[in-house]
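Structural features, examined
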Amino acid sequence: VSPVTFKDLLGNREAAGRLQQMAALNRVPPSLLFAGPAGVGKLGAALALAQALNCPSSDAGDSCGRCPSCRRIERGEHPDVRVITPEGKGGQLRVSSVRAVVAEIAFRPFEGQKRVFILKDAGRMNLEAANALLKSLEEPPPSSVLILVTAGEAELPPTVLSRCQRVRFRPLLPEERAEILVRDHGLTGPQAIDAASLLEGAGIVDAEGDVEELRRLRHDALRLLEGCARGWSRSELLAEADGRAREAERSTRLLRMTLGLMRDVTACAAGESGHLRHRDLRAELGALAGQASLDVWIEAYRQSEAALSALEHYSNKRLTWENLLLELRALQRLD
Ligand SMILES: [Zn+2]
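Details of the packing of aromatic side chains
Here the structure, examined in full by the defined rule, presents one aromatic pair. For the ring pair phenylalanine 34 and phenylalanine 169, a centre distance of 5.3 Å and an interplane angle of 40° mean the geometry is tilted. Remark: phenylalanine 169 occurs in the loop between β5 (165–168) and α7 (174–185) and phenylalanine 34 occurs in strand β1 (residues 31–35); sequence separation between them is 135 residues. Residue phenylalanine 34 is classed as buried on the basis of its relative accessible area of 0%.

A look at the coordination of the zinc ion
Ideal geometry at a metal centre gives angles of 109.5 degrees when four donors are arranged tetrahedrally and 90 or 180 degrees when six donors are arranged octahedrally. Bound to the zinc ion on the protein side are Cys55 (SG), Cys64 (SG), Cys67 (SG) and Cys70 (SG), at distances that span 2.2 to 2.4 Å. Metal-centred angles of 104 to 119° between the four donor atoms at the zinc ion mark the site as tetrahedral. Expressed as a motif, the donor residue spacing for the zinc ion is C-x8-C-x2-C-x2-C. Here cysteine 67 matches cysteine 70 in class, with each residue buried.

What about the side chain of serine 304?
Structurally, serine 304 is set in helix α13 (residues 294–312). A distance of 2.8 Å separates a polar atom in the side chain of serine 304 from the backbone oxygen of alanine 300. Setting aside its immediate chain neighbours within four residues, serine 304 contacts Leu255, Leu259, Met262, Leu324 and Leu328.

Reading the values: rules and limits
Residues numbered from 1 in each chain as written. Predicted model: local features only at pLDDT ≥ 70, side-chain atom pairs only at ≥ 80, totals over all residues. Heavy atoms only, no water. Phe/Tyr/Trp six-rings, centres within 6.5 Å; stacked < 30°, edge-to-face > 60°. Helix = DSSP H or I, 4+ residues; strand = E, 2+ residues; numbered from the N terminus. Buried < 20%, exposed > 50% of the residue type's maximum accessible area, 1.4 Å probe, protein only. Donors = N, O, S within 2.8 Å, 3.2 Å for Na, K, Ca; no water. Tetrahedral: all angles 85-135°; square planar, octahedral: opposite > 155°, others 65-115°. Polar contact = N/O pair within 3.5 Å; in protein donor to acceptor, adjacent residues only side chain to side chain. Contact = heavy atoms within 4.5 Å.

Written as structure tokens, this is what we have:
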């Protein structure tokens, strides 16, 4: 488990600083909303705040991270700190879980200073659950803090949003992500920078992404672009689309990675190869760029973006891949 004191949080110094100050002055709003992309440390910050509010050796709004209170919060064993996560099929926050929070939030702390309730993925709450929560948001008891954590702020009803103080979290910088990979995943410096640029290039925000899988993903994305540029036969192309469609989640990540590579190819085609994300693939990407004009690559990128959006929403995966690969191949041939 990663350490959860404010000083250990990587990135989002502004948000961390604000929270730490609230804790130091003992002026924490009763309801907070931690909003921002996935994988940037929102949950860590919520736990850091819970620790700071309950640590007997808290200093300048940050916890010690070592005392029994801090340790128990970190391990999820503190009776005054609860993390509520979506469960069951479709991953919804259950009305019953929310009702339990509403009932419990009025209690005084059992042994700490403040009770802290953290609703993870708070956007996954239906209207019934949101309505159940409103009562606590309207009349918050002074000894409890409610933290809603979400990457999908828009999914929460305005009645809930308007009653929470918002703390915004930003995407991590590549250096920050690399630092996390070094510290928490045991990678060495150069490996981590490599992995961080892979994540970045793939538009994948989860810093805990499996590095080897990312490498394979990138390998597959490159092969796919090379296949289209070389002019895959129709049967090769259909087999490829079929294989991709069977991969469910992975096929969306693969397309994101492909878009990342295409950004670099487009940069090469535009004669701007100085700022590639995938620097180690310079030769391969340059060769791809040489196969078609800049206009063609821009159009190919546009088509792929549209396909990604289709995959992310509703569409038939096989058909989307088939159409995309046919389009990409046709574009190369027009040139
Ligand atoms: Zn402590």
